Amino acid sequence: MIPRNTQWLLRSLVVCFAAAGPASALDHVVFEHEGHRRQVDGRIVVEAKDGGLLLMARDGVLWTVPPEENISRTSDDEPFVPLTHQELAVRLLGELPPGFTSHQTVHYLVLHNSSRTYARWCGALFERLYMAFSNYWKRKGFALPEPEFPLVAVVFADRASYERFAQSELGQAAGSILGYYNLQTNRMTMCDLTGVSAATPGQRIRSAAWINEILSRPESLMMVATIVHEATHQIAYNRGMHARFGDCPLWFSEGLAVYFESPDLSSDKGWRGIGEVNHMRLARFAQYSRRRPGNSLATLISKDDRFRNSATAMDAYAEAWALTYFLIRKRSGDYLKYLTQISQKKPFVWDSPETRLNEFQAVFGDLEELDREFLRYMQRVR
Ligand SMILES: [Zn+2]
């Protein structure tokens, strides 16, 4: 789940923007933010004709600066260098509530006030997903660039403090969402799924195996799937599969996340195998198929509305999983071609429904024919 207001904010502020200047300089921008004066050093990604800016900070946060809030801007010849793990940890610990500490892995920075064992468990889960994701696409012939920034996860010990924090980014939805990736801050936020850090503060959690045991229970698997789903979004956005400020159809980004989301904590690798049948999504798709309208593929591909409406979202996610499963299995070369096109989308160019449909059909062929092939294939999937 990516907070909707973030996408809306980015989308709404930049329609009239033109491309920014050379990327090598470091820009120093002073602006008003929520009543405070703030200086951000970073890289201007997009510059509006009216003076508005989209700024990538050295900690990976994307700032939208409307012209009326833009106080001053200077730049020098210093290269843009992202903050290191350590620098980022110092900065974020200063921003988070008291009591947080950091745990670092090769690609991740886990900031937590949960038990250290749980933070380590999260870091290890993310690293396994990162490796599985890399290997999967490498075998398919799609080379992923390394992420520019450390990948950040903020882990709260308990549900209540997580919800308080998440409310500022998700609004009321925070109460029903266990974790999310924020496109603007580039961070994941979640809580200790075992609930143990909160129930027995200060108690030493015995081992990662014990956490696996708790979270392998059938009632917990959905929660872990949510975290893996969000971590997949973060990896995909940070490893060049889609741009954080480009137009990526939701069927594509969500389809990818649900394709990777099924964890298996009884396995050393953490997954039964990437791309195995996602039984929960398959069951939902089978149910949806009985009342699926003839233009279902067209509405899924051309617009994001079905994902945004809570009445249709579950069916849309199920269909996005099914379509991704079918295309990767049966039309792998075309899927890679389409993936490459999506990854090269220019910042802040929002495609019309017609453009989306045309681009899709240019790669995969006539939609009606594809739909028949798709449904035939999915009927056999067990
Ligand atoms: Zn998602």
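Nothing here was measured: the structure is a model prediction, and the numbers come from that model.

A. Examining the overall build of the protein chain more closely. Check the secondary structure of the protein chain and you find 15 helices and eleven strands. Taken over the C-alpha trace, the protein chain has a radius of gyration of 21 Å; the compact-globule value for 382 residues is 21 Å, and the two agree within 12%. With respect to the three principal axes, the spread of C-alpha positions in the protein chain is 60 × 55 × 40 Å. Residue burial in the protein chain is summarised as follows: out of 382 residues, 38% are buried. Residue pairs in contact within the protein chain that sit at least 24 positions apart in sequence constitute 68% of those at least 6 positions apart.

B. Spotlight on the domain arrangement of the protein chain. Its domain assignment divides the protein chain into domain 1 (4–76), domain 2 (85–241) and domain 3 (279–380). Put simply, the middle of domain 2 and the middle of domain 3, counted by C-alpha atoms, are 28 Å apart. Residue-level contacts link five residues of domain 2 with four residues of domain 3.

C. Representation of the sheet that holds strand β8 (residues 108–112) in the model. A sheet is described by the order of its strands in space; here five strands give the open sequence β7-β8-β9-β11-β10, paired in mixed fashion. Among the strands making up the open sheet, the edge pair consists of β7 (101–104) and β10 (179–182). Between one strand axis and the next, the sheet turns through 20° on average, direction left out of account. By the bridge criterion, five bridges tie β8 to strand β9 (residues 151–156) in an arrangement that is parallel. Residue pairing for β9: H112 is matched across the bridge by V155. Helix-sheet contacts for helix α2 (residues 85–95) involve β7, β8 and β9, and the interaxial angle to β8 is about 25°. Along the sheet, helix α7 (residues 218–238) contacts β9, β10 and β11 (187–191); its crossing angle with β10, the most-contacted strand, is approximately 10°.

D. Highlighting the nonpolar core. Judged by nonpolar contacts, the single largest core of 72 residues is most densely connected at C122, A153 and V155. For this core, the domains that each give at least three residues are domain 2 (85–241) and domain 3 (279–380). Ignoring sequence-local partners within four residues, the contact set of V155 consists of V110, H112, S114, Y118, A119, C122, M190, C191 and D192. In terms of nonpolar packing, the next biggest core, distinct from the first, is built from 15 residues, V29, F31, I44 and F245 among them.

E. Inspection of the environment of H33 at higher detail. Following the sequence through the fold, H33 ends up in strand β2 (residues 26–33). For the pair H33 and T64, spaced 31 residues apart in sequence, the C-alpha to C-alpha distance is 9.8 Å.

F. Expanded view of the pairing of strand β3 (residues 36–48). Bridge count between β2 and β3: seven bridges; the pairing is antiparallel. The partner of V29 across the bridge, within β3, is V40. Linking β2 to β3, which pair antiparallel, is a turn of two residues; within it E34 sits at a positive phi near 50°. Both β3 and strand β4 (residues 53–57) contribute to a ladder of five bridges, which runs antiparallel. From the neighbouring strand, G42 faces β4, where its bridge partner is A57. In textbook terms, the turn of a hairpin is the stretch between consecutive antiparallel strands, and for β3 and β4 this stretch comprises four residues, one of which, G51, has a positive phi near 100°.

G. Molecular detail of the pairing of β2. Relative to strand β6 (residues 70–76), β2 runs antiparallel, the two sharing six bridges. Looking at β6, one finds that H28 is bridged to T74.

Rules and cut-offs
- Residues numbered from 1 in each chain as written.
- Predicted model: local features only at pLDDT ≥ 70, side-chain atom pairs only at ≥ 80, totals over all residues.
- Helix = DSSP H or I, 4+ residues; strand = E, 2+ residues; numbered from the N terminus.
- Rg over C-alpha atoms; globule rule 2.2 N^0.38 Å.
- Buried ≥ 20, exposed ≤ 12 C-beta atoms within 10 Å, placed from the backbone.
- Contact = placed C-beta atoms within 7 Å.
- Domains from an automatic or database assignment.
- Pairing = 2+ DSSP bridges.
- Axes fitted to C-alpha atoms, helices over the stretch in contact; angles between N-to-C directions.
- Core = buried A, V, L, I, M, F, W, Y, C linked by C-beta atoms within 7 Å.

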